[in-house]
Amino acid sequence: MTARAWPWLLAWAVLTLAGAVVLGSRDLDRQEEAFQTDARIAHRLLSQRAVQHDAVLAMLALLQPETTPDDPRRRLPAIFPQLLRVERRLQHESWPADLAAQGVAEAEAASRRLRHATTAESGFAGGRLWLVLAAEPASYALQLDLKGMVPAQEWPAALTGAMSVALERDGARFVLNEFVPGPGLRQLAFRKPLASDSQAYEIAIARSVGWADLPWTVLLLWALAVTAVVAAHFRYHSQTRARQRAEELLRLGQATRLNALGELAAGLAHELNQPLTAVMANTQAAGRLLAEDPAEIATARDAMAQAVAQAQRAADVLGRLRRAIGQPGTGEPSAPLRLLDNARHTLDLLEPECRARNVVVQLDGDAKATVVADPVALEQIVHNLVSNALQALECVPEPQRRLEISVLAGQGNAVLRIADSGPGIPADALPRVFEPFFTTRTGGLGLGLSLSETLASSMGGRLAAANSAAGGAVFTLTLPLAAKQ
Ligand code: ADP
């Protein structure tokens, strides 16, 4: 994984996580809303039943006490399955013994006092309790089956699943749906007394939402969408970077070629100027000698004068060419720049080449060292030196290929050191590497180092070559530090 992929990986992780948190918490909210709705439905159903029980008792009290076999008390449990038994006490009678044992008489007294039906104390925890209404001439008692209060088909389906549903009264509890909610991401709870004076118990519903309840399919789709978008961006940026790198390399290559041409012309001028001067001196001398000879004097003088004129013209042409070439460099104005940043930039451009050759590159040193230099000229020098090092490293096995670039500042100078673990420069070649056209490589031009040296001195610096104790070549570029650091 290249270092450039990390920010993208981080962006992917942050986006995926943030989206998952938002989607997850929205889904939890939705689940909580659904829970509250189901709980309210359950509460309404139970309250309706409680009101129904009151109505049944009121209706019985209104009817004349009947003893015929058609007694409505016998038929009620068939109509309302939650009514297990219906009993009556006429004024002169007493409650059957089992009802008396369950506190029905006390409930009747309380009902008379409160003027509405009320439940007996015992029986709640077992899910069967008596609801009693004191009336004249007969009091009535209904035995309620709490579990059967709401038919299963009317009960919200969710409430039969992983949640605890219970009726509670004075610390006593009757469980309608047995479940122990464990620790989860969110605890949901609903508690409300039934809307009935006679049956004053609360419905209590609890549920915990755990990891398994999260919308994993949605989260997975989100992660996939983020992956696709981030991957597309990464690809686009990689391609843009590669294109920029190729453009910069082209620009650097063009600048190098231009300067190499200048170097070549300068070399030619240097080579030609001396013979031309000699031709000029000789023809002048010949002219003098001919002047002592009476034969063809005038013609010889003319010819010699012409030769002088030609030589002079050639010298002029070369002089003009030289002036036209002027100083090498790209003409970029010099500016204060950080040496390490410039080297890193050039190294970035050559990164694919380093990777292709499996070269371990190390770049470090004084990040603040600032020099006044032509940025393009500096890039050209570093480009030449690193390219040379990469070529030299091809001569050693892959695991040994190392390139160390460092920047040191001190005593008014900044030193950029480029050391490779290649075979080094042969002793006889070392004094000549900066000569124009000196090369040991087949197909080499031998202009890279001479050009780099010229560029370095044009910026007031110098370039030196050596071999390290370990054997590889070491090039040091020394440049004056900028005045204000
Ligand atoms: P070219 O690369 O065209 O040969 P240069 O001027 O860049 O021209 O290099 C001149 C010579 O210096 C090379 O031919 C090579 O012999 C030697 N040289 C340059 N850099 C290195 C290096 N890092 N290791 C060994 N020899 C080098």
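Residues numbered from 1 in each chain as written. Predicted model: local features only at pLDDT ≥ 70, side-chain atom pairs only at ≥ 80, totals over all residues. Heavy atoms only, no water.

Some remarks on the pairing of strand β6 (residues 172-177)
Where strand β5 (residues 164-169) lies against β6, five bridges are found, and the strand directions are antiparallel. Residue pairing in the sheet places leucine 167 in a bridge with phenylalanine 174 of β6. Count of turn residues in the β5/β6 antiparallel hairpin: two residues, of which aspartate 170 carries a positive phi of about 45°. (Pairing = 2+ DSSP bridges. Helix = DSSP H or I, 4+ residues; strand = E, 2+ residues; numbered from the N terminus.)

Observations regarding the pairing of strand β14 (residues 462-467)
By the bridge criterion, six bridges tie β14 to strand β15 (residues 473-480) in an arrangement that is antiparallel. Following the sheet pairing, alanine 464 is matched in β15 by threonine 476. Turn length for the β14-β15 hairpin, with the two strands adjacent in sequence and antiparallel, is five residues, and the turn residue glycine 471 shows positive phi of about 120°.

Regarding the pattern of salt bridges
Oppositely charged side chains are able to pair whenever their charged atoms sit close together. In this structure the tally under the stated criterion is 21 salt bridges. Close ionic contact of arginine 30 with aspartate 27 constitutes a salt bridge, the shortest N to O distance being 3.2 Å. Placement of the pair is arginine 30 and aspartate 27 together in helix α1 (residues 5-62), with a separation of three residues, close to one helical turn. Classification of aspartate 27 as buried rests on a relative accessible area of 12%. A salt bridge links arginine 251 to glutamate 379; the nearest nitrogen and oxygen atoms lie 3.5 Å apart. Note that arginine 251 is positioned in helix α5 (residues 216-292) and glutamate 379 in helix α9 (residues 375-393), a separation of 128 residues in sequence. (Salt bridge = Lys/Arg side-chain N within 4 Å of Asp/Glu carboxyl O. Buried < 20%, exposed > 50% of the residue type's maximum accessible area, 1.4 Å probe, protein only.)

Looking at the packing of α9 against helix α10 (residues 448-458)
The interhelical angle for the contact between α9 and α10, taken along N-to-C directions, is 150°, at an axis separation of 9 Å. Our classification of the angle between α9 and α10 gives roughly antiparallel. Once α9 is placed against α10, the crossing between them reads as left-handed. For the pair α9 and α10, the contacting residues are Ala377, Gln380, Ile381, Asn384, Leu385 and Asn388 in the first and Gly448, Leu449, Leu451, Ser452, Leu455 and Ala456 in the second. (Axes fitted to C-alpha atoms, helices over the stretch in contact; angles between N-to-C directions. Parallel < 35°, antiparallel > 145°, perpendicular 65-115°, else oblique. Left-handed = near helix turned anticlockwise from the far one by under 90°. Contact = heavy atoms within 4.5 Å.)

What to know about α9
Over its 19 residues, α9 runs 27 Å from end to end, which matches the ideal 27 Å to within 8%, given 1.5 Å per residue. Summarising burial for α9: 17 of the 19 residues are buried, a large majority. Backbone nitrogen of valine 376 and a side-chain oxygen of the N-cap are separated by 3.0 Å at the start of α9; the cap is aspartate 374. (Expected span 1.5 Å × (residues − 1). Polar contact = N/O pair within 3.5 Å; in protein donor to acceptor, adjacent residues only side chain to side chain.)

Let's talk about the site of the ligand
With respect to spatial proximity, 19 residues lie near the ligand, and among them Asn388, Thr439, Thr440, Arg441 and Leu449 are the closest. Arginine 441 places a side-chain nitrogen or oxygen 2.3 Å from an oxygen atom of the ligand. Within the backbone of glycine 448, a nitrogen or oxygen atom sits 3.4 Å from an oxygen atom of the ligand. For the ligand, whose free accessible area comes to 540 Å², the fraction covered by protein is 93%. Only α9, α10 and β15 provide two or more residues apiece to the shell around the ligand. (Near = heavy atom within 4 Å. Areas by Shrake-Rupley, 256 points an atom, 1.4 Å probe, with all protein chains shown as cover.)

Regarding the nonpolar core
Of all hydrophobic cores here, the largest spans 42 residues; its most connected members are Leu339, Leu378, Val386, Leu403, Leu416, Ile418 and Leu477. When residues of this core are assigned to their parent elements, the largest contribution, nine residues, is made by α9. With sequence-adjacent residues up to four places away left out, leucine 378 is seen in contact with Leu337, Leu339, Asn342, Ala373, Met459, Leu477 and Leu479. The next biggest cluster of nonpolar side chains, apart from the first, holds 41 residues, and it includes Tyr140, Val150, Leu159 and Leu214. (Core = buried A, V, L, I, M, F, W, Y, C linked by side-chain atoms within 4.5 Å.)

Side note on the sheet that holds β6
Strand order across the open sheet formed by four strands is β6-β5-β8-β7, with antiparallel pairing between neighbours. In this open sheet, the two edge strands, each paired with only one partner strand, are β6 and β7 (186-193). On average, adjacent strands in this sheet sit at an angle of 20° to one another, irrespective of strand direction. Running over the sheet, α1 touches β5, β6, β7 and β8 (202-209) and is turned about 20° from β7.

Things to note about the packing of aromatic side chains
Inspection of the entire model under this criterion finds two aromatic pairs. Measuring from centroid to centroid gives 5.9 Å for tryptophan 8 and phenylalanine 234, while their planes differ by 65°, and the two rings are edge-to-face. Of the two residues, tryptophan 8 sits in helix α1 while phenylalanine 234 sits in helix α5, which places them 226 residues apart along the sequence. Take phenylalanine 234: its relative accessible area is 31%, and that puts it in the partly exposed class. With centroids separated by 5.3 Å and ring planes inclined at 40°, the aromatic side chains of phenylalanine 124 and tyrosine 201 adopt a geometry described as tilted. A residue pair is termed long-range when its members are at least 10 positions apart, and phenylalanine 124 in the loop between β2 (118-119) and β3 (128-133) and tyrosine 201 in the loop between β7 and β8 qualify at 77 residues. We classify tyrosine 201 as buried; its relative accessible area is 0%. (Phe/Tyr/Trp six-rings, centres within 6.5 Å; stacked < 30°, edge-to-face > 60°.)

Considering the environment of leucine 188
Among the secondary structure elements, leucine 188 is positioned in strand β7. Residue classification places leucine 188 among the buried positions, given a relative accessible area of 2%. The spacing of leucine 188 and glutamine 36 is 152 residues in sequence and 8.5 Å in space, taken between C-alpha atoms.

Focus on a nonpolar patch on the surface
A cluster of nonpolar side chains, namely Leu185, Trp211 and Trp216, defines an oily patch on the protein surface of about 370 Å² accessible area. Along the chain, the position of tryptophan 211 falls in the loop between β8 and α5. (Patch = residues over 30% accessible without salt bridge, like charges linked within 9 Å, V, L, I, M, F, W, Y side chains within 5 Å.)

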